[in-house]
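This is what each chain is made of:
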Amino acid sequence: MKILITGAGGQVGTDLIPLLLSRGHQVAALDLAPAPAATPAGVQWIQGDVTRQEEVFDAVKASKPDSIFHLAAILSATGERIPFRAYAVNMEGTRYVLEAARVLGTKQVIFTSTIAAFGPGLENPVGNDVSMRPTTMYGVTKVAGELLGEYYATKWGLDFRGVRFPGLISAVEPGGGTSDYVNYMYFDGVRKGAYEAFVRADTTIPLMYMPDALRALVDLAEAPAKKLKHRMFNIAAMSPRADEIAAAVARRIPGVKITFKPDPRRQAIVDSWPQALDDKVAAAEWGWKAEWDLERMTDDLLAKVRAMSGVAAPPAGPAAKPAAGTTAKPAAGATAKPAAKAPAPKPVAAAKGAKK
Ligand code: AKB
């Protein structure tokens, strides 16, 4: 397939490009930024803005994709700072992508929604087909994007499909999300030996390691249409508490100091999200299953962050004790799904060119 990725220079796109190439797809990339130096050979990089209809249409005309993976978005924390820019990128950008697909004959659009599309007060784990009443601009635009895509599917036969991502964790710096506290436990834990998280120690949201998230996108795009009864799917992997993640990092970085100082604005955002998602519908319709849990992700991610930062791993020995300030007590009900029969991880691109 020829795939056009919008927002290709961001946290997801940076790692998605090499995966698509390795699975035999041709890739075109649309992003506000010029092509990063580390862009793999053969990628058609198009600089453009999803809030400008003509630039989206030009990118689709130039690349003639079979499928558009629409990743361009402003995430929750930045979205609350600049809500109308978030509306333009997430809402207008999605409308232009759908409209370009309709007018120019692209058969499929893969949409990336989020746990932030749900609102407070839902029973955990939150099911696939529940009432969605988000409290952030990011969440509002993602619910609207889901519905708009379903409208294009019903009215014009567009093959619209999408996943609701948990907070995503990877070696690429994230860009303006509220779940970013998890990523920075790893980045600053390695680089600085310390990190002050902006959430409470008991904060619990659904999380996913990037290789699972990328596999979900590609598997969903490749799934036979006749098997799909839904268009939007919850996907889930793990829901550790913030202090459990800190403890997993601390067991591998002797002396690291991870502390918690909640910022009321960002705490309110994560408190409005589900603590766990029910992904049975995705499992039944296209065979979705997470492969990475907290422990295995922490080993893999720390190795990547150390390699990128030029920091040597500590000598092997008995597991390090958490440093003072790091609470390691597991919470009742906190879950990290076992990584039963997980295959060996494939290498992921380095974090060059990641957007904030
Ligand atoms: C964010 O924090 O806004 C995103 C998300 C959970 O969709 N990472």
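Each remark here, short or long, concerns the structure printed above.
As the structure is a computational prediction, the values presented were derived from the model and not from experiment.

Chemist: Would you mind going over the environment of Glu285 in detail, with residue names and values included?
Modeler: When you line up the elements, Glu285 lands in helix H10 (residues 280-286). Sequence separation between Glu285 and His230 is 55 residues; the distance between their C-alpha atoms is 8.2 Å. Once residues within four sequence positions are removed from consideration, Glu285 is found in contact with Lys227, Leu228, Lys229 and His230.

Chemist: Describe the site of the ligand, with residues and values.
Modeler: In the vicinity of the ligand, the contacting residues are Leu75, Ser76, Thr114, Ile115, Ala116, Tyr138, Phe165, Gly167, Leu168, Gly177, Thr178 and Ser179. Here the shell around the ligand is composed, by residue class, of 6 nonpolar, 6 polar and no charged.

Chemist: Give a detailed account of the pairing of strand S8 (residues 194-197), specifying residues and quantitative values.
Modeler: The alternating pattern of S8 places Tyr195 and Ala197 on a buried face and Ala194 and Glu196 on a face that is not buried. Bridge count between S8 and strand S12 (residues 257-260): 4 bridges; the pairing is parallel. By the bridge assignment for S12, Ala194 is matched with Lys257.

Chemist: An account of unusual backbone geometry is needed here, citing residue identities and associated values.
Modeler: Here the bond from Asn124 into Pro125 is cis, since omega is -5°, no more than 30 degrees from zero. Among the structural elements, Pro125 can be located in the loop between strand S5 (108-114) and helix H5 (137-156). Positive phi is not limited to glycine here, since Lys64 has a value of about 45°. Looking at where Lys64 falls in the secondary structure, it is placed in the loop between helix H2 (53-63) and strand S4 (67-70).

Chemist: Report on the sheet that holds S5, specifying residues and quantitative values.
Modeler: Pairing within the open sheet is parallel, and its 7 strands lie in the order S3-S2-S1-S4-S5-S6-S10. The open sheet terminates on both sides in strands that have one partner only, identified here as strand S3 (44-47) and strand S10 (232-234). Strand-to-strand twist in this sheet, taken as the mean axis angle between neighbours without regard to direction, amounts to 20°. Bridge analysis of S5 against strand S6 (residues 159-165) gives 7 bridges, and the strand direction is parallel. Directly across from Phe111, in S6, lies its bridge partner Gly162. Each of strand S1 (2-6), strand S2 (26-31) and S4 touches helix H1 (residues 11-22); the most contacted strand, S2, lies at about 165° to it.

Procedures and definitions
- Counting restarts for each chain, with residues numbered from 1 along the sequence as it is written.
- In view of the model being predicted, local features appear only for residues whose pLDDT reaches at least 70, and side-chain atom pairs are presented and counted only at 80 or more, with totals across whole chains, interfaces and linings using the full set of residues.
- Strands here are runs of E lasting at least two residues and helices are runs of H or I lasting at least four, both read from the DSSP assignment and numbered beginning at the N terminus.
- Contacts are defined on C-beta atoms placed from the backbone: any two residues whose C-beta positions lie within 7 Å are in contact.
- Near, for a residue, is defined by distance from a backbone-placed C-beta atom to a molecule or strand, with 6 Å as the limit that must not be exceeded.
- Each residue gets one of three labels, nonpolar for Ala, Val, Leu, Ile, Met, Phe, Trp, Tyr, Cys and Pro, charged for Asp, Glu, Lys and Arg, and polar for the others, Gly among them.
- Buried means a residue has 20 or more other C-beta atoms within 10 Å of its own C-beta, exposed means 12 or fewer, and partly exposed covers the counts in between; C-beta atoms are placed from the backbone.
- Pairing between strands requires that DSSP locate at least two bridges from one strand to the other.
- Lines fitted to the C-alpha atoms define the axes, with helices restricted to the stretch that makes contact. Angles between their N-to-C directions range from 0 to 180 degrees.

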